[in-house]
Structure formats: C-alpha cells, structure tokens
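Reading the structure
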Amino acid sequence: MREVVRRKLRPEDARRSNLALVLRAIYEDSQLSRADLARATGLTKVTVSDLVAELIASGLVRETGTSEIQRPGKPSTLLAFDAAARDILVMDLSARDELRGAVVSLRGELLLTAVRPLDGAVGDEALAAALDLARELVASATHPVLGLGVGTPGTVNGSGTVLSAPNLHWHNLPLQQLLHDELGIPVRVENDANVAVLAERRFAGGPDDLVRVQLSRGVGAGLVVGGRLVHGAASDAGEIGHVVIDESGTPCGCGKVGCLETWTSVPALTARIGAEPGRRDELLAEAGHRLGLALAPVVGMLGLATIVIGGPTEIATAPLLDAARECIAERTRSEFRPDLDLTASRLGADAVLLGAAALVLLSELGVD
C-alpha cells in the first residue's frame, strides 16, 4: 500500500494562505472595510487588520476613504487593490513565426507589447530569442516586477520544463529554471492552451468548469474543473490534436492517420479552403463536426456546459461553431443536461498573454 506522507502545516503557510484570502477579496471588491473582510473571510478582526497592514506596506492595497453606509461608531475605511503596484511580464511562444511579449498590469491591462521575429529559428536559436525578449521586457517595466508568465507550445511539466515542443525542436528544456536564472525574478512556464483557459476564467468571466480549444498550427485544449487547471498524469491533459477521429483520413506528422489536427488545425483548414474556396463554409462545418466528435466524450464524462473556441477570426466562425455544437449536443443529449454554451473566444490574439498574467497572479498572489 502506498504510504501517505502528511506534512504539518507551518505557521508561515497559514499566514500566506490567509494573506492570499484577504488580498483576493479586496481584488474582487474594492468597497470593503476591514470589518467587511473579517465577515467575508471568517478571520478575526485582529488578524485581518494585521494582514491589511502588511498589504498596505507592500503597496498592493491602499485606503480610499470612508464608507457611506451609516453604522454606529467611527466610519469604516474602505480598501482598494492598487493595480499599478506591480508589473507582470508575459510571453506567448505559440505563434508560428514570432514570439510575443507584454508588460501587463495587475488587472490584465496590456501596457506595452513587444514582438520578436523567429525567422525560422528553432532549438538553441529559438531559446536565445526567448531570453532576449524576456530581457527586453524586464528593461521595459516601470514598476516592481511581480513575475514572468510564459505560455509555450508543447508538453510542460510541473517544474516548467518543456518535455516536448516539436515545432520549436525543444525536448526536456528546463525553460522556467533558465529564465529564472537569467532574470532573477519569479517565473512560471505552462502550456499555451492551459494559460489561455486561465485567461477565459480570470478576464472573460468563464465558469469554474470550462474547456478552451485553441485552433492554431496544432489543436490543443485547456481544461478547468472545479476552478482548478487539469494537467493529467503525464502533464499532457488537453492534447486532443492527435486523437484519431477518422481512421481513413489523412496521415498525420505524429505517425497516426486521421488525427483531429489533420482536420481542424489552421494550416490544414487553410490548405483545404485554398484548394476549394467555393466550399469554404462546408469545409469549416466538416471541421467543426470532427471537433465535436473529439469533444463529445469529454463533455459527457465531465458534465461540462461551456466550451470556448480560440483561433483566427476567419476560422472560428459560425459554420464551424454551429457544427461542433450540434455534434456534441446530439451525442451527449439527456433530459438533465443543460444546453451547451459553445462560443468563439472574445480575447482574440491576446489570450495566451493574458493567461500568462493570470498564471502569475495565481502563483504569486493567490488570485485565482
């Protein structure tokens, strides 16, 4: 029998958890007083006052005036989260021919963007370009840096090592550690589809149970269940691009035949539409149906009701979305299941950048 190791909760762990709890409450509602925070968090007034004092000293929280609500005694002082207290640095390494970076506020506002062309670079050259972009972002920050978040293609483990990113020719690359050693700041590296689903939840009002599918040079998905990002036993949850949905289909670069990626990746769809432009809507609908075939078992197993599709605006259109929705609904229909909410993402090309910011907010401040 596997032995369960129980680690004793240290006082500093409890304090960090309580600090995140208070900060999260202020982040979500800047009309709270110390007494309101005590009621909302269940912490004592003394503990809340101590934690708020620490947050004010750090610059993350400031007092903004007194409450207009009339109560006996001294008027309550309201607290607000200061979105300008820190800068978050973010990078999106998922595009085919360029690396994108940005300086982002604590509220997810893109303050500055930077682009570094790859010009076909892979391997060590692509790594050097990423390090150069990271150094440029550090130099561009105008406030203390909270951390760097990175969304990269490929399979990424819990320590931020890129186990495999074939398009960049990266294998077992300790990207998170390399960036931390180079910059001396907190760094979090995660799969690009995983950070994009965090962006949908944090900045687009997504629910606690959510799938976001990214159609790009490949096909990947990020999955949040119960408010938590799902990684899987091998850190490859969401890698649906190489799920076979057509055994008589087109050979895939992975060695199998009829993978989802051969139907719904942007290069595959662009090639099909270019060969038969008069069948554009029909081809998009066919791709949407294949996407629905891959997603229906996931929806049925987890009871999901929300799916967001990210990708180029000319691809994530009504013919594809409608066909995917109809396919999933038909295969998962029951008297108990609500209507499926399947829509195109509203975050556009910035989803990975914003998701990388959400990743840093979560890891450094506990704001989920």
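Above this note sits the structure.
Summary of the structure given here. Keep in mind that this is a model prediction, so the values were computed, not measured.

1. Regarding the packing of helix H4 (residues 123–140) against helix H5 (residues 175–183)
Remark: H4 packs on H5, axes separated minimally by 11 Å, with the N-to-C direction vectors making an angle of 45°. In terms of axis orientation, H4 runs oblique to H5. Here the hand of the crossing between H4 and H5 comes out right-handed. Contacts between H4 and H5 pair Leu 127, Leu 131, Ala 134, Arg 135 and Val 138 from the former with Leu 175, Leu 178, Leu 179, Glu 182 and Leu 183 from the latter. Within the contact of H4 with H5, the residues separate by chemical class into eight nonpolar, no polar and two charged.

2. Considering the pairing of strand E16 (residues 341–344)
The pairing of strand E15 (residues 306–310) with E16 spans four bridges and is parallel. Within E16, the position partnered with Thr 306 by the bridge is Asp 341. Regarding topology, helix H10 (residues 318–332) serves as the crossover connection from E15 to the parallel E16, and that connection is right-handed.

3. What about a nonpolar patch on the surface?
Taken together, the side chains of Val 225, Met 301 and Leu 302 define a hydrophobic patch exposed on the protein surface, amounting to about 290 Å² of accessible area. Tracing the chain through its elements places Val 225 in strand E13 (residues 219–225). Exposure remark for Val 225: the relative accessible area of 32% places this residue in the partly exposed category.

4. Re helix H11 (residues 351–365)
Along its 15 residues, H11 runs 20 Å from first to last C-alpha, staying within 8% of the 21 Å computed at 1.5 Å per residue. Burial analysis of H11 places 13 of its 15 residues in the buried class, the great majority of the element. Directly beyond the C-terminal end of H11, a positive phi value near 75° is found at Gly 366.

What counts, and at which threshold
- Residues numbered from 1 in each chain as written.
- Predicted model: local features only at pLDDT ≥ 70, side-chain atom pairs only at ≥ 80, totals over all residues.
- Heavy atoms only, no water.
- Axes fitted to C-alpha atoms, helices over the stretch in contact; angles between N-to-C directions.
- Helix = DSSP H or I, 4+ residues; strand = E, 2+ residues; numbered from the N terminus.
- Parallel < 35°, antiparallel > 145°, perpendicular 65-115°, else oblique.
- Left-handed = near helix turned anticlockwise from the far one by under 90°.
- Contact = heavy atoms within 4.5 Å.
- Nonpolar A, V, L, I, M, F, W, Y, C, P; charged D, E, K, R; others polar.
- Pairing = 2+ DSSP bridges.
- Right-handed = clockwise from strand over helix to strand, strands pointing away.
- Patch = residues over 30% accessible without salt bridge, like charges linked within 9 Å, V, L, I, M, F, W, Y side chains within 5 Å.
- Areas by Shrake-Rupley, 256 points an atom, 1.4 Å probe, with all protein chains shown as cover.
- Salt bridge = Lys/Arg side-chain N within 4 Å of Asp/Glu carboxyl O.
- Buried < 20%, exposed > 50% of the residue type's maximum accessible area, 1.4 Å probe, protein only.
- Expected span 1.5 Å × (residues − 1).

Note that every value here comes from positions in space, so none of it alone points to a role or purpose.
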